[in-house]
Every structure is written in structure tokens, then in C-alpha cells.
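Chain by chain, the residues:
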Amino acid sequence: MLVDFNTLPDESRVWIYQANRSFTDQEIEEIQSRLTEFIQNWTAHGGDLESGYCIKYKRFIIIGLNQELNHATGCSIDASVNFIQQLEKDFSVDLLDKMNVSYKQGEFVAYKSLTDFRKMAKEKAVSKNTIVFNNLVNNIAEFKENWEVPASESWHNRFLN
């Protein structure tokens with residue numbers, strides 16, 4: 001059951017998929033259409049999953065699930081991963097690689113491998129104040145408060161001196 005992402009309760013679970021490049025406006029329209037169709041049909045053991053999505057910075061796909069109504073099951077999570085894998089193939093984009101870092105350079109969102117980000121930290125090209133995207137947040141409350149944070153307030157801090 002598709003609902004507006006912004007109406008989901010703070011306790012709702014989130015999954016964040018970051019792309020290794022920005023989507024074009026045309027790709028975003030197509031992805032939104034596919035997300036709408038997927039979520040309208042997404043179930044767990046036959047029960048509707050109250051879910052919503054948003055796309056941020058033309059680069060992040062965020063899916064939220066109100067677990068007060070129904071919890072995601074292994075099968076429903078597998079279905080969502082399969083859906084994301086299909087998007088990867090159809091749009092020639094990487095959405096599931098967790099070994100990459102997205103961060104802000106002004107209003108621009110940059111994307112680097114963890115190795116390159118580590119190197120940039122050593123070279124002081126990024127600092128404790130660099131805004132990073134903490135894609136490990138678990139729910140909407142954490143997403144609102146701790147998704148876009150200075151590197152010093154995220155797991156990225158381990159790479160900074």
C-alpha cells in the first residue's frame with residue numbers, strides 16, 4: 001500500500017540505496033513510476049505493506065515501511081532487493097555497493113570509493129565538518145536527524161584524524 005513517504009511514522013524502517021551517479025530527470029520519472037508500481041504490490045505473507053519512497057539529490061532512493069501495520073519478511077525484503085537489482089541493470093547504475101561514500105561539496109553530491117575517501121581524509125581534502133550521508137540509519141527518525149551529518153558525527157569519523 002503506497003503512502004506519502006512524509007506521512008510515515010518516525011519508527012518506520014528505511015532502506016537507502018545510493019547511486020554511483022546522478023539520475024537524469026527522465027530516469028527519475030521512470031524510477032518513480034516503477035517504485036510506485038512495486039510498492040503498490042509489495043506484500044508480506046499476503047498482507048499489505050504500508051510504504052512510501054522518496055528520491056533525494058537525484059541520487060538516493062529511500063524506501064520507508066510502517067512496521068506497525070505489517071513487518072517486512074524475508075520474502076518481502078528479497079522482493080525489494082530483486083527490484084533494486086533490476087533497476088541497477090535497467091539503468092546501468094550501482095545501488096547496492098555499501099563500500100562507497102557520498103558526501104557534499106557545497107551543493108554538489110560527490111561519490112567516492114571508501115579507499116578514495118580514506119585517502120582524501122589523510123590528505124585533509126575532507127574534514128570532520130564535511131557533510132556525509134549516513135546510509136546506515138534504520139528508521140525515519142534517524143533518517144531525519146542523522147542521515148546528512150558532519151563526518152565527525154557518523155561512522156566516517158574513523159577515517160579522520
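Structural data are supplied above this passage.
All of these numbers come straight from a predicted model, not from anything done at the bench.

Peer 1: So what about the layout of surface pockets? Which residues, and what values?
Peer 2: Estimated volume of the largest pocket: approximately 170 Å³. Those elements that place two or more of their residues in the lining of the largest pocket are strand S1 (13–18) and strand S6 (100–105). Looking at the lining of the largest pocket element by element, the count peaks at three residues for S6. Each residue belonging to the lining of the largest pocket can be placed in one class, and the counts come to seven nonpolar, five polar and two charged.

Peer 1: With reference to specific residues and values, describe helix H2 (residues 74–91).
Peer 2: The first and last C-alpha atoms of H2 sit 26 Å apart over 18 residues, in line with the 26 Å expected at 1.5 Å per residue. Listed in full, the buried residues belonging to H2 are Ser76, Ser80, Phe83, Ile84, Leu87, Glu88 and Phe91. The buried residues of H2 occupy an angular sector of 145 degrees when the element is viewed end-on, so they sit on one face. In H2, the exposed positions angled more than 90 degrees off the buried face are occupied by Cys75 and Lys89. Summarising the contacts, the buried residues of H2 are in contact with S1, helix H1 (25–40), strand S2 (43–44) and strand S5 (60–65).

Peer 1: How would you sum up the pattern of salt bridges? Please name residues and give values.
Peer 2: Following the criterion strictly, the structure yields six salt bridges and no others. The closest approach of N and O atoms between Glu30 and Arg34, which form a salt bridge, is 2.8 Å. On the criterion of helical spacing, the pair formed by Glu30 and Arg34 is a turn pair, its members being four residues apart in helix H1. What makes Arg34 partly exposed here is its relative accessible area of 25%. Salt bridges sharing common partners tie together Glu30, Arg34 and Asp90.

Peer 1: Which residues make up the sheet that holds S1, and what are the values?
Peer 2: If you trace the three strands from one edge of the open sheet to the other, you get S1-S5-S4, paired in antiparallel fashion. Every interior strand has two partners, whereas the edge strands, S1 and strand S4 (51–56), have only one. Each strand axis lies, on average, 15 degrees off the axis of its neighbour in the sheet, ignoring direction. Summarising the sheet, S4 and S5 pair through six bridges and their orientation is antiparallel. Among the inter-strand pairings, Tyr53 is bridged to a residue of S5, identified as Ile63. Strands S4 and S5 of the sheet are contacted by H1, whose axis makes an angle of about 165 degrees with S4.

Rules used in this analysis
What you see as residue numbers is a count from 1 along each chain, following the sequence as written. Predicted model: local features are reported for residues with pLDDT of at least 70 only, side-chain atom pairs are reported and counted for 80 or more only, and whole-chain, interface and lining totals are derived from all residues. Water and hydrogen atoms were dropped before computing side-chain values, which therefore reflect all heavy atoms in the structure. Both site types are read off a 1 Å grid over the protein atoms alone. A 1.4 Å probe that fits but cannot get out defines a cavity, while an open set with protein on both sides within 12 Å along at least five of seven lines defines a pocket; lining residues have an atom within 4 Å of a point. Grid points are joined across faces, edges and corners, and a volume is the space filled by probe spheres set on the points. Under the scheme used here, helices are H or I runs from DSSP no shorter than 4 residues and strands are E runs no shorter than 2 residues, and both carry numbers assigned from the N terminus. Polarity classes work like this: nonpolar for Ala, Val, Leu, Ile, Met, Phe, Trp, Tyr, Cys and Pro, charged for Asp, Glu, Lys and Arg, and polar for all others, with Gly in that last group. A helix is expected to span 1.5 Å for every residue after the first. Relative accessibility under 20% of the residue-type maximum defines a buried residue, over 50% an exposed one, and the middle range a partly exposed one, all with a 1.4 Å probe and only protein chains included. It is the directions from the helix axis to the C-beta atoms that the arc portrays. Only heavy atoms enter the contact rule, under which two residues are in contact if any of them lie within 4.5 Å. Salt bridges are defined as contacts in which a side-chain nitrogen from Lys or Arg sits within 4 Å of a carboxyl oxygen from Asp or Glu. Two strands are counted as paired when DSSP detects at least two bridges linking them. For helices, the axis comes from a line fit to the C-alpha atoms of the stretch in contact; other axes are also lines fit to C-alpha atoms, and the angle between any two N-to-C directions lies between 0 and 180 degrees.

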